[in-house]
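Residues per chain are reported as follows:
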Amino acid sequence: MQSSRSGGSLLPSVRPRRAISETLAAFQCAAPGILKAALLNVVPSPLGDLADVTVDLGNEPDSYASTIGYTGTVVALDLIAGALAGRDGDPWDGIEERVTAAQLQAGAAVAGLRERGARCVASDGVAAGASRASAEEGALLLREVVRMTAAASATRNYLHGEMESAGNTLHLVYGDGREIELARSLAGAGHLTLLITTADVDIVENLFTVRLPRTADAVRVVLETVVLQELVAQLSAERDVPIESFVFANDDTKEGGLDMSDFEVAAYSPAG
């Protein structure tokens, strides 16, 4: 971390990949005296040049959907928050083994649902607390990589009517409380459901589960994301959609536009 000055007001920015036009504009318009901090995946960058404080993730190679950038950003933000709060202990100790275990479990669970899941027309992600970040990330990956219409909802909102639209839908449920009964209810009604939880849940028809260890919230989000990445990889393969491809290229969302030679354009077309 590098800082040129300190101040009472802070303008933070998280940008895992190329600088977003709106983020750059916010930094350029920041009032004098405001400390501008940026968490970056790639350096040097135009956003980093405007920032007073920068933390970078080491220029790691990333996917078009910023999968490395997302999990790295979660880890970095938690480490920064822990340092600022004077946290004792390291919740990330043993993360490599936990990631490996989560990926193996996810691989087995997703293998059982991938054929039917790839035929779904949409996906709902449902979560509470910190896992809402995972639900949002899962919806993003399903839209951008698998080409599946997807949305994320808070558990309470989903229970109060949103679930009534279920139909040929892949349901991703995250949690240990009301989410368990919700997942059972969806599966019992015949809907394909994947439950990501720390609880020991009995297997029933249409319900697949991945059981994670009890961890700090940020660690749990990373492990949930590992499960999602395995799901997305298998569904993309089942749908024959190249992971490093896209349908629409908007050249006004990133600084400098897009280099079309970097990507393959591929829309999903259901058989028949």
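Residues numbered from 1 in each chain as written. Predicted model: local features only at pLDDT ≥ 70, side-chain atom pairs only at ≥ 80, totals over all residues. Heavy atoms only, no water.

Caption draft 1: Representation of the overall build of the chain. Regarding its fold elements, the chain presents eight helices and 11 strands. The buried share of the chain, reckoned over its 272 residues, is 44%. Counting contacts in the chain only where the partners sit at least 6 residues apart, residues at least 24 apart contribute 59% of the total. Of the roughly 13,700 Å² that the chain leaves accessible, carbon and sulfur atoms contribute 51%. (Helix = DSSP H or I, 4+ residues; strand = E, 2+ residues; numbered from the N terminus. Buried < 20%, exposed > 50% of the residue type's maximum accessible area, 1.4 Å probe, protein only. Contact = heavy atoms within 4.5 Å. Areas by Shrake-Rupley, 256 points an atom, 1.4 Å probe, with all protein chains shown as cover.)

Caption draft 2: Quick look at the nonpolar core. Ranked by size, the top nonpolar core spans 39 residues in total, and within it Leu142, Leu172 and Leu194 carry the most contacts. Elements represented by at least two residues in this core include exactly helix H3 (67–85), helix H4 (95–118), helix H5 (131–146), strand E7 (169–174), strand E8 (193–197) and helix H8 (217–239). Setting aside residues up to four positions removed in sequence, Leu142 forms contacts with Ser123, Arg147, Met148, Ala150, Leu172, Val232 and Leu235. Counting 13 residues, the second-largest nonpolar core is a separate cluster that includes Met163, Ala183, Leu186 and Val201. (Core = buried A, V, L, I, M, F, W, Y, C linked by side-chain atoms within 4.5 Å.)

Caption draft 3: Looking closely at the environment of Ala151. Within the element layout of this structure, Ala151 appears in strand E6 (residues 149–154). Under the relative-accessibility criterion, Ala151 is labelled partly exposed at 38%. For the pair Ala151 and Glu137, spaced 14 residues apart in sequence, the C-alpha to C-alpha distance is 9.7 Å. Discounting residues that sit within four places of it in the chain, Ala151 has contacts with Ser123, Asp124, Gly125 and Ala139.

Caption draft 4: Seen up close, helix H7 (residues 178–188). Listed in full, the buried residues belonging to H7 are Glu179, Ile180, Leu182, Ala183, Leu186 and Ala187. Taken down its axis, H7 places every buried residue within 165° of arc, on the same side. Opposite its buried face, H7 presents the exposed residues Arg178 and Gly188, each directed more than 90 degrees away. Here the buried face of H7 lies against strand E5 (122–127), helix H6 (155–159), E7, E8 and strand E9 (207–211). Among the residues trailing H7, Gly190 stands out with phi positive, at a value near 95°. (Arc of directions from axis to C-beta.)

Caption draft 5: Main features of a negative patch on the surface. A cluster of acidic residues, Asp90, Asp93, Glu96 and Glu97, forms a negative patch on the protein surface. According to the relative accessible area criterion, Glu97 is exposed, its value standing at 55%. (Patch = residues over 30% accessible without salt bridge, like charges linked within 9 Å, V, L, I, M, F, W, Y side chains within 5 Å. Salt bridge = Lys/Arg side-chain N within 4 Å of Asp/Glu carboxyl O. Lys, Arg positive; Asp, Glu negative; His and termini not counted. Charge placed at Lys NZ, Arg CZ, Asp CG, Glu CD.)

Caption draft 6: Seen up close, the packing of H5 against H8. Interhelical geometry of H5 versus H8 gives an angle of 20° and a closest axis separation of 9 Å. By the angle between their directions, the pair H5 and H8 is classed as roughly parallel. Regarding H5 and H8, the two cross each other, and that crossing is right-handed. Contact residues: Ser131, Ala133, Ser134, Glu137, Gly138, Leu141, Leu142, Val145 and Val146 in H5; Arg220, Val221, Glu224, Thr225, Leu228, Gln229, Val232, Leu235, Ser236 and Arg239 in H8. In terms of residue class, the contact of H5 with H8 is built from nine nonpolar, six polar and four charged. (Axes fitted to C-alpha atoms, helices over the stretch in contact; angles between N-to-C directions. Parallel < 35°, antiparallel > 145°, perpendicular 65-115°, else oblique. Left-handed = near helix turned anticlockwise from the far one by under 90°. Nonpolar A, V, L, I, M, F, W, Y, C, P; charged D, E, K, R; others polar.)

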